[in-house]
Amino acid sequence: SKSLSDEENLKLFGKCNNPNGHGHNYKVTVTVRGEIDPVSGMVINLTDLKEYMQEAIMEPLDHKNLDQDVPYFAEVVSTTENVAVFIWENLKKLLPVGILYKVTVHETEQNIVVYKGEE
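All of these numbers come straight from a predicted model, not from anything done at the bench.

Student: Which parts of the structure should I look at to understand helix α4 (residues 80-94)?
Tutor: An α-helix turns once per 3.6 residues; consequently, residues spaced three or four apart project the same way. With 15 residues, α4 ought to run about 21 Å at 1.5 Å a step, and its terminal C-alpha atoms sit 22 Å apart, in line with that. Inspection of α4 places T80, V83, A84, V85, F86, I87, W88, N90 and L91 among the buried residues, and these make up the whole buried set. In the core, the buried residues of α4 are packed alongside β1 (27-32), α2 (46-61), α3 (66-69), β2 (100-106) and β3 (112-115).

Student: Quick question: what am I supposed to make of the UniProt feature "binding site: Zn(2+)" (unreviewed entry) in the protein here?
Tutor: Mapped onto the present numbering, the UniProt feature "binding site: Zn(2+)" (unreviewed entry) falls on H22 and H24. Its place among the elements puts H24 in the loop between α1 (6-13) and β1. A relative accessible area of 28% places H24 in the partly exposed class.

Student: Help me understand the sheet that holds β1, please; the structure alone is not making it clear to me.
Tutor: Consider a sheet: its strands pair through backbone hydrogen bonds, and that pairing is either parallel or antiparallel. The three strands lie next to each other as β1-β2-β3, forming an open sheet whose pairing is antiparallel. Single-partner strands in this sheet number two, and they are β1 and β3. In this sheet, adjacent strand axes meet at a mean angle of 15° when their direction is disregarded. Here six bridges tie β1 to β2, and the two strands are oriented antiparallel to one another. Residue V28 lies in a different strand from β2, and its bridge partner there is V105. Against the sheet, α4 contacts β1, β2 and β3, and its axis sits at roughly 145° relative to β2.

Student: Would you mind going over the side chain of T104 with me for this structure?
Tutor: Tracing the chain through its elements places T104 in strand β2. Judged by its relative accessible area of 10%, T104 is buried.

Student: Help me out: how do you make sense of the UniProt feature "active site" (unreviewed entry) in the protein in this one?
Tutor: In this numbering, the UniProt entry assigns the feature "active site" (unreviewed entry) to C16, H63 and E107. Residue placement: E107 occurs in the loop between β2 and β3. Look at E107 and you get buried, because its relative accessible area is 18%. Those residues within four positions of E107 in sequence are excluded, and the remaining contacts are H24, N25, Y26 and T80. Among the polar contacts listed, one links the side chain of E107 to the side chain of T80, at a separation of 2.4 Å.

Criteria and thresholds
Residues numbered from 1 in each chain as written. Predicted model: local features only at pLDDT ≥ 70, side-chain atom pairs only at ≥ 80, totals over all residues. Heavy atoms only, no water. Helix = DSSP H or I, 4+ residues; strand = E, 2+ residues; numbered from the N terminus. Expected span 1.5 Å × (residues − 1). Buried < 20%, exposed > 50% of the residue type's maximum accessible area, 1.4 Å probe, protein only. Contact = heavy atoms within 4.5 Å. UniProt positions renumbered as here; feature names shortened; annotations may be inferred. Pairing = 2+ DSSP bridges. Axes fitted to C-alpha atoms, helices over the stretch in contact; angles between N-to-C directions. Polar contact = N/O pair within 3.5 Å; in protein donor to acceptor, adjacent residues only side chain to side chain.

Right, dumping it as C-alpha cells:
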C-alpha cells in the first residue's frame, strides 16, 4: 500500500509484501441468478457468459502485473478482496441488470474471497 510505510506494509502483508511484486494463479467463479428462460432452459447463455468473462476478467488481468499494468490498481491495493471487487464491477457493466449474484476468487486453496456487491 502506497499509504503505508515499508515497516507497516511488512507487518500487514507479510511474505506478500514484495516491492518487486509476486504472482498468483487466481481461480474465479462467477455465479448468476435469475429467471430460467423456458425455451433455452438457462438463466444466461453460457457462451455469452464466457465472452463476458473473457472481456471483464481475462483481457484486463491475465498474465499482468496488477500493480503496474492495470490502471485500477494504481490507487487501489491489489488484495484478493479488491480483485473480486474489480471483477464484479467489470462484469456488472456487461451482464444484464440484476443477474450477477457473486464473484468468488480463490487466491490459494485456503484463501478465498466471495463478493456480492454492495448490499
